[in-house]
Amino acid sequence: GSQAPAIRVQGLVKQYGAVRAVDGIDFEVPAGTVTGLLGGNGAGKTTTIAMLLGLVLPSLGRIEIFGVDAVADRYRVLPSMNFESPYVEMPLRLTVRQNLTVYGRLYGVADLKARIAELAGDLELGEILDRPTGKLSAGQKTRVSLAKALINAPRILLLDEPTASLDPDTADWVRSHLERYRTAKGATILLASHNMSEVERLCTDVVMMKAGRIVGRGSPEALIRQYGRTNMEEVFL
Ligand code: ATP
């Protein structure tokens, strides 16, 4: 129905041999909100995001995207989602325009030329559209990477440590652009991070993960009240 959460995860498990990367998690992300997935190395954040995107098949459990079974119907839900992660490199020999065209086609963007022109305006890509992605500065690459994440005007954006490799000013700029996008489109964001202050800046709700399990949840303020700001990391690291 129209009240279905953007994301609903039930009893989700991913087993790799003897390792349970994700060990039975349940959470919901209401449409239009920003939720943080907070956890240290090996908590299972990346695996969770990969399952939401249909890149990794769950061993057990259910994922719904706006009420649709995302495992059975992954090609139906894919066009409404996208992701941003510094761990994903674009083909560096392709120009910015070629890269955005490839990703746009992948997500079935209808009026791709117009969408690229719109993003070029929003993200100041006009000058660099026909340059090879590998020849760009770090700041330019960040803007292209955001354009790629927004190419299909996703209703759900999954972010895996989106500012991990950025200097503080660029990181601030990325956060404010994401927040602007969310507000303008009523989009939903799930942000994986190991950094409470990053999560606090963007998120209204937090799901804390450790060793594949959920170990706490609430608003950033409620979690800080419950655990204390300085003790927080002991809960999830
Ligand atoms: P990080 O920030 O280090 O990426 P994370 O919270 O994203 O941490 P995951 O990458 O999801 O954690 O990994 C969770 C656990 O699953 C880790 O113990 C990891 O070694 C293991 N794991 C992840 N992918 C695989 C795989 N393809 N094969 C085997 N084990 C895996």
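Conventions adopted
- Residues numbered from 1 in each chain as written.
- Predicted model: local features only at pLDDT ≥ 70, side-chain atom pairs only at ≥ 80, totals over all residues.
- Heavy atoms only, no water.
- Pairing = 2+ DSSP bridges.
- Helix = DSSP H or I, 4+ residues; strand = E, 2+ residues; numbered from the N terminus.
- Near = heavy atom within 4 Å.
- Polar contact = N/O pair within 3.5 Å; in protein donor to acceptor, adjacent residues only side chain to side chain.
- Areas by Shrake-Rupley, 256 points an atom, 1.4 Å probe, with all protein chains shown as cover.
- Salt bridge = Lys/Arg side-chain N within 4 Å of Asp/Glu carboxyl O.
- Buried < 20%, exposed > 50% of the residue type's maximum accessible area, 1.4 Å probe, protein only.

## Some remarks on the pairing of strand β4 (residues 60–65)
Pairing between strand β1 (residues 7–16) and β4: five bridges, direction antiparallel. Residue pairing in the sheet places Gln10 in a bridge with Arg62 of β4. For β4 and strand β5 (residues 68–69), the ladder comprises two bridges, and the chain directions are antiparallel. Pairing of Ile65 across the sheet is with Val68, part of β5.

## Regarding the site of the ligand
As a structural note, the neighbourhood of the ligand is formed by Tyr16, Ala21, Gly40, Asn41, Gly42, Ala43, Gly44, Lys45, Thr46 and Thr47. A distance of 2.8 Å separates an oxygen atom of the ligand from a polar atom in the backbone of Lys45. Taking 630 Å² as the accessible area of the ligand by itself, protein coverage stands at 58%. The element that contributes the greatest number of residues to the shell around the ligand is helix α1 (residues 45–52), accounting for three residues.

## Considerations on the pattern of salt bridges
Throughout the structure, instances matching the rule amount to 14 salt bridges. One salt bridge connects Asp69 with Arg62, and the closest N-O pair in it is separated by 3.2 Å. Judged by relative accessible area, Asp69 falls into the partly exposed class, the value being 23%. With its nearest N and O atoms 2.8 Å apart, the salt bridge here joins Arg175 to Asp172. With Arg175 and Asp172 both in helix α6 (residues 168–185) and three residues apart, this pair spans about one turn of that helix. According to the relative accessible area criterion, Arg175 is buried, its value standing at 10%.

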